[in-house]
Amino acid sequence: MKVLGVIPARGGSKGVPRKNLAPLAGRPLLTYIVESAQAAAGIMHLIVSTDDEAIVRVATTAGAHVPELRPAALADDHVSLVAVSRYALTWADAAGLNPEWVLSLQPTAPFLKPATIERAIALVRDTGCDSAATVVPVEHHHPYRILNRLDDGRVTFRDPESAAVHPQRQDLPPVFSFTGGLYLRCRRVLEKWEGKGWALGTDCRGVDVSLLEAVNIDTPMDLAFANFLMKNEETRLAIS
């Protein structure tokens, strides 16, 4: 099973300026996912996809391969990360690697464990599914409690029938959300992707992760929380 690991790391970011280089416990954020990927078995080749020379230096110092700078057309805020994965697939084929799978790992998931990466690879190998992604239970924003805001300011349940049937938190049916940290896609799905959607195929399997591994850094508060967790071992262990 030939898996290409791709860590997308643009230089720009609106939520946290220069997010992928932001300091987490005194080290660039990017280095954590590079180290997790390097420690995981099953990745044939690991690259960092970036448009930024400073990120190139950090990535190569951490031991990752940066084959080239990402084209400007793939460095915009609105570019799908699926497009980055497919571009990496094209590069890998030209390099003679010919991967069967592309594993996308986000620098914004610094607590993702090597063992979780290995579980994802084993899952697609054993099931023959189209894709796998890390998921976490939705605890506080269940879809049955999502509200609409009317023009006059009133709020109403978007799904009032389900909200009435399940008024208590403990009675809500379990639902899950992608964490955004890991997506593993077969090349067939990537090759068929037409620029819309998630490119997960018809059979996507969830890889359960802990609340710690689900931490995803998009905002300054997320980064502050991650730094708190790095410094507070007791709290980190409690949610791992």
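Basis of the calculations
- Residues numbered from 1 in each chain as written.
- Predicted model: local features only at pLDDT ≥ 70, side-chain atom pairs only at ≥ 80, totals over all residues.
- Heavy atoms only, no water.
- Helix = DSSP H or I, 4+ residues; strand = E, 2+ residues; numbered from the N terminus.
- Rg over C-alpha atoms; globule rule 2.2 N^0.38 Å.
- Buried < 20%, exposed > 50% of the residue type's maximum accessible area, 1.4 Å probe, protein only.
- Contact = heavy atoms within 4.5 Å.
- Areas by Shrake-Rupley, 256 points an atom, 1.4 Å probe, with all protein chains shown as cover.
- Lys, Arg positive; Asp, Glu negative; His and termini not counted.
- Charge placed at Lys NZ, Arg CZ, Asp CG, Glu CD.
- 1 Å grid on protein atoms, 1.4 Å probe; cavity = no way out; pocket = protein on both sides within 12 Å on 5 of 7 lines; lining within 4 Å.
- Points joined across faces, edges and corners; volume = space filled by probe spheres on them.
- Nonpolar A, V, L, I, M, F, W, Y, C, P; charged D, E, K, R; others polar.
- Pairing = 2+ DSSP bridges.
- Axes fitted to C-alpha atoms, helices over the stretch in contact; angles between N-to-C directions.
- Phe/Tyr/Trp six-rings, centres within 6.5 Å; stacked < 30°, edge-to-face > 60°.
- Lys NZ or Arg CZ within 6 Å of the ring centre and 35° of its normal.

1. Quick word on the overall build of the protein chain
A tally of regular secondary structure across the protein chain gives eight helices and ten strands. Against the 2.2 N^0.38 benchmark of 18 Å for 240 residues, the protein chain shows a C-alpha radius of gyration of 19 Å, consistent with a compact globule. Counting only C-alpha atoms and orienting by the principal axes, one finds that the protein chain spans roughly 55 × 40 × 35 Å. Looking at the 240 residues of the protein chain, the share that counts as buried comes to 44%. When contacts within the protein chain are restricted to residue pairs at least 6 apart in sequence, those whose partners lie at least 24 apart make up 72%. When the accessible area of the protein chain is evaluated, it comes to approximately 12400 Å², of which 54% is carbon and sulfur surface. Each charge sign in the protein chain was given a centre, from 25 positive and 27 negative side chains, and these centres are 2 Å apart.

2. With respect to the layout of surface pockets
If you add up the space inside the largest pocket, you get close to 680 Å³. For the largest pocket, the lining is made up of 32 residues, of which Lys19, Val79, Leu81, Gln106 and Asp218 are closest to its centre. Broken down by element, the lining of the largest pocket gets its largest block of residues, four residues, from helix α3 (residues 81-94). Looking at the lining of the largest pocket, its residues break down into eleven nonpolar, 13 polar and eight charged. Around the second largest pocket, the lining comprises 15 residues; the ones closest to its centre are Val136, Pro137, Glu139, His140 and Leu211. For the lining of the second largest pocket, the secondary structure elements donating two or more residues are β6 (131-137) and β9 (176-186).

3. Looking at the sheet that holds strand β1 (residues 3-8)
Ordered by their spatial adjacency, six strands build an open sheet running β4-β1-β5-β9-β6-β10, and the pairing between neighbours is mixed. Strands at the two margins of the open sheet, each flanked by one partner only, are β4 (45-49) and β10 (204-208). Shown here is a sheet whose adjacent strand axes are inclined to one another by a mean of 30°, direction ignored. With five bridges connecting them, β6 and β10 associate as parallel partners. Note on β10: the bridge partner recorded for Val135 is Asp208. Packed on one face of the sheet, helix α4 (residues 114-127) meets β1, β5 (101-105), β6, β9 and β10 and runs near 150° to β10.

4. Digging into the packing of aromatic side chains
Using the criterion set out here, one finds four aromatic pairs in the structure. Seen in terms of ring centroids, Phe178 and Tyr183 are 5.7 Å apart; in terms of plane orientation they differ by 65°. Their pairing is edge-to-face. Judged by its relative accessible area of 32%, Phe178 falls in the partly exposed class. Aromatic ring contacts, followed pair by pair, group Phe178, Tyr183 and Trp198 into a single cluster. Taking the ring centre of Tyr32 as reference, the NZ or CZ of Arg27 above it sits at 4.4 Å.

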